[in-house]
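Listed below are the residues making up each chain.
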Amino acid sequence: SVTVKVTLDWYDITLNPVDGKYTASNEGVYQVTATDEAGMSATKTFTIDKTAPVAKVDGNEIVNGTVYGTPITFVTYDKTNVTVSPKEGTPSVTKNADGSYTATENGTYELTLIDQAGNEATVTFVIDKDAPETDLVGEKYYPGKVEFTVTDQTSVTVKVNHTAVGSETATESTLTKDENGKYSV
């Protein structure tokens, strides 16, 4: 006869009475000690981890699709070590001595995070260090209607004498824009 002692807090362990196998399924660190009639024992420890790892910048989890205007340093959070693998075509990340990672190049990053239990998460974000461009010539006087194009923008605001007279965002526009993407003021 073998006595099994399980050291854990609230985890459920079930014994199959037919084959004598124990089953553990909740997350946690388990320590199992089996002792026979002679008093001999063996102890094994294992971990059940069902939670995918996450990446955080300044303590905040990276939300997929976030655009950063500067290079970022992020850390991965999990119960175990995490492998960070850029998808093909993604700019590279640098692993720092403290275990954090740095992304510095412009581009879209798609990283796969895998912990030791095989849980996987995909993190996507963009580094865009470049300001939007326009074909306007600054500090120039125009005799009438002005047309211009803005590239790589999420919003455009036009001010006359420091007062906003028109704007465009992804959801709303008070500016006139033609089929070629030119704005008119």
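All figures in this text were calculated on a predicted structure; none of them were measured in a lab.

Undergrad: Please provide a residue-by-residue account of the sheet that holds strand β7 (residues 60-61), values included.
TA: Two pairing modes exist for strands in a sheet, parallel and antiparallel, and in both the strands are linked by backbone hydrogen bonds. With respect to topology, five strands assemble into an open sheet ordered β7-β6-β9-β12-β11, the strand pairing being antiparallel. Here the strands that pair on one side only, and so sit at the sheet edges, are β7 and β11 (94-95). Direction of pairing for strand β9 (residues 72-77) relative to strand β12 (residues 101-103): antiparallel, over a ladder of three bridges. When the sheet's bridge partners are listed, T73 is paired in β12 with T102.

Undergrad: Give me the lowdown on the sheet that holds strand β14 (residues 120-127), citing residues and values where you can.
TA: Read across the open sheet, the four strands follow the order β8-β14-β13-β10; overall the sheet is mixed. The open sheet has two edge strands, β8 (66-68) and β10 (82-86), and neither has a second partner. Taken over all neighbouring pairs, the strand axes of this sheet differ in orientation by 30 degrees on average, direction set aside. Relative to β14, β8 runs parallel, the two sharing three bridges. By the bridge assignment, Y68 is partnered in β14 with I127.

Definitions and cut-offs
Within each chain, residue numbers correspond to sequence positions counted from 1 in written order. With the structure being a predicted model, the display of local features is reserved for residues of pLDDT at least 70 and the display and counting of side-chain atom pairs for 80 or more, all residues being used for whole-chain, interface and lining totals. As a rule here, side-chain values come from all non-hydrogen atoms in the structure, and water together with hydrogens is ignored. Two strands pair if DSSP finds at least two bridges between them. Helix numbering and strand numbering both begin at the N terminus, where a helix is a DSSP run of H or I of at least 4 residues and a strand a DSSP run of E of at least 2. Axis geometry follows a simple rule: fit a line to the C-alpha atoms, using only the stretch in contact for helices, then measure angles between N-to-C directions, giving values from 0 to 180 degrees.

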